[in-house]
Amino acid sequence: MPVTAGNSITLTGADGAFSFTGQNFGGPANELIVSCDGTIPMNTLGVGIGMSGSPIMVVQAVPNIRCVFTPVPEYWVTVADVTQGEVMDLSQLAEKTQVAFPPNVTAMTATLTPNQNWDIQQGLVV
């Protein structure tokens, strides 16, 4: 299915309510752009992007600013006793390894071996 929505949008406000308008293609495909128009009050809003329902990049919204986000996600796997949203102390984690997704690969399987090393395979392996 072709992408038709675009990667750029404008944040605007009126009567204390805020909305997005004018979604279009506004830059390179790897950028996400939020333009705040002159109606955005100072020290009121933040704009950003999220992943899995959690914020990952946020900046203060100010009038007439163009916010460009260039996400370059890195994926890591480890074993830890933590709760979602908790900041992890990297020095206290068990063996960890980066999971690099090759182009056009959308699933990887990580298996912790008996000798505490990670076996990373492309696709969903069961």
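Up top is the structure.
The rules behind each value
Residues numbered from 1 in each chain as written. Predicted model: local features only at pLDDT ≥ 70, side-chain atom pairs only at ≥ 80, totals over all residues. Heavy atoms only, no water. Core = buried A, V, L, I, M, F, W, Y, C linked by side-chain atoms within 4.5 Å. Buried < 20%, exposed > 50% of the residue type's maximum accessible area, 1.4 Å probe, protein only. Contact = heavy atoms within 4.5 Å. Pairing = 2+ DSSP bridges. Helix = DSSP H or I, 4+ residues; strand = E, 2+ residues; numbered from the N terminus. Axes fitted to C-alpha atoms, helices over the stretch in contact; angles between N-to-C directions.

Colleague: What is the right way to look at the nonpolar core in this model?
Modeller: Counting residues in hydrophobic clusters, the biggest one holds 11 residues: I9, L11, V34, C36, I40, L45, V47, I49, A61, C67 and F69. In contact with C36, not counting residues within four places along its chain, are L11, V47, A61, V62, P63, N64 and I65. One finds V77, V105, M108 and W118 within the second-largest nonpolar core, a separate group that totals 5 residues.

Colleague: What is the right way to look at the pairing of strand β4 (residues 46-51) in this model?
Modeller: Looking down a regular strand, the side chains alternate between one sheet face and the other. Across 6 bridges, β4 lies against strand β5 (residues 54-60) in antiparallel orientation. For G50, the partnering residue across the bridge sits in β5 and is P55.

Colleague: Please clarify how the sheet that holds strand β1 (residues 8-14) should be interpreted in this entry.
Modeller: A sheet is described by the order of its strands in space; here 4 strands give the open sequence β2-β1-β3-β6, paired in mixed fashion. Looking at strand neighbours, the two that pair on one side only are β2 (17-24) and β6 (66-69), the edges of this open sheet. Shown here is a sheet whose adjacent strand axes are inclined to one another by a mean of 25°, direction ignored. Two elements, strand β3 (residues 32-36) and β6, share 4 bridges in a ladder whose sense is antiparallel. Within β6, the position partnered with V34 by the bridge is C67.

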